[in-house]
Amino acid sequence: MHQLQTTANFAPRNGLASFFCGGLNRQIEYHLFPRVCHIHYPALASIVRQTAREFGLPYLENPSFGSALRSHYRLLRRLSQPAIVAKPARLVAVHA
């Protein structure tokens, strides 16, 4: 569950990216099956995607390297924003 919620694939259908990255563009499968050779990741991806769907879990994919960079930039920008901290509730004494 944690891997699916915190990891995203990028350019999964780009053979050149898969070749140069050694399959690391399929981060989800890499983290779930680190000892499996990357040539099997495409077959595993369809199984993992279907299983994620069955259990209501996200299966995050960016179609290209550029879209992955944009997504990462948006995440970094969102995380750099100051947190909104709620003021503690004011306690009121109730006399019986």
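### Focus on helix α4 (residues 41-54)
Alright, step 1. Over its 14 residues, α4 extends 19 Å from the first C-alpha to the last, a length consistent with the 20 Å expected when each residue adds 1.5 Å.
Alright, step 2. Here α4 has its buried residues at Tyr 41, Leu 44, Ala 45, Val 48 and Ala 52. Looking down the long axis of α4, one finds its buried residues gathered within 110° of arc, a one-sided arrangement. Relative to its buried face, α4 has exposed residues pointing more than 90 degrees away, namely Ala 43, Ile 47, Arg 53 and Glu 54.
Alright, step 3. Phi turns positive, to about 70°, at Gly 56, one or two residues after α4.

### Section: a nonpolar patch on the surface
Alright, step 1. A cluster of nonpolar side chains, namely Leu 16, Phe 19 and Phe 20, defines an oily patch on the protein surface of about 410 Å² accessible area.
Alright, step 2. Tracing the chain through its elements places Leu 16 in helix α2 (residues 15-21).
Alright, step 3. A relative accessible area of 56% means that Leu 16 is categorised as exposed.

### Focus: unusual backbone geometry
If a residue is not glycine, its phi is most likely negative; likewise, a peptide bond is most likely trans.
Alright, step 1. Here the phi dihedral of Ala 11 falls at roughly 45°; this positive angle occurs in a residue that is not glycine.
Alright, step 2. Position of Ala 11 among the secondary structure elements: in the loop between β1 (8-10) and α2.
Alright, step 3. We classify Ala 11 as buried; its relative accessible area is 3%.

### What about the packing of aromatic side chains?
Alright, step 1. Under the defined criterion, the tally for this structure stands at two aromatic pairs.
Alright, step 2. Note on Phe 10 and Phe 65: the rings are 5.7 Å apart at their centroids and 65° apart in plane angle, and the pair reads as edge-to-face. Taken together, the residues span a long stretch of sequence, with Phe 10 in strand β1 and Phe 65 in helix α5 (residues 65-79) at a distance of 55 residues.
Alright, step 3. Phe 10 sits in the buried class, given a relative accessible area of 17%.
Alright, step 4. Of the residues examined, Phe 65 reaches a relative accessible area of 48% and is grouped as partly exposed.
Alright, step 5. Ring centres of Phe 19 and Phe 20 lie 5.3 Å apart, and the angle between their planes is 75°; on these two criteria the pair is classed as edge-to-face. Phe 20 matches Phe 19 in its accessibility class, with the two residues each being exposed.

Cut-offs used in this document
Residues numbered from 1 in each chain as written. Predicted model: local features only at pLDDT ≥ 70, side-chain atom pairs only at ≥ 80, totals over all residues. Heavy atoms only, no water. Helix = DSSP H or I, 4+ residues; strand = E, 2+ residues; numbered from the N terminus. Expected span 1.5 Å × (residues − 1). Buried < 20%, exposed > 50% of the residue type's maximum accessible area, 1.4 Å probe, protein only. Arc of directions from axis to C-beta. Patch = residues over 30% accessible without salt bridge, like charges linked within 9 Å, V, L, I, M, F, W, Y side chains within 5 Å. Areas by Shrake-Rupley, 256 points an atom, 1.4 Å probe, with all protein chains shown as cover. Salt bridge = Lys/Arg side-chain N within 4 Å of Asp/Glu carboxyl O. Phe/Tyr/Trp six-rings, centres within 6.5 Å; stacked < 30°, edge-to-face > 60°.

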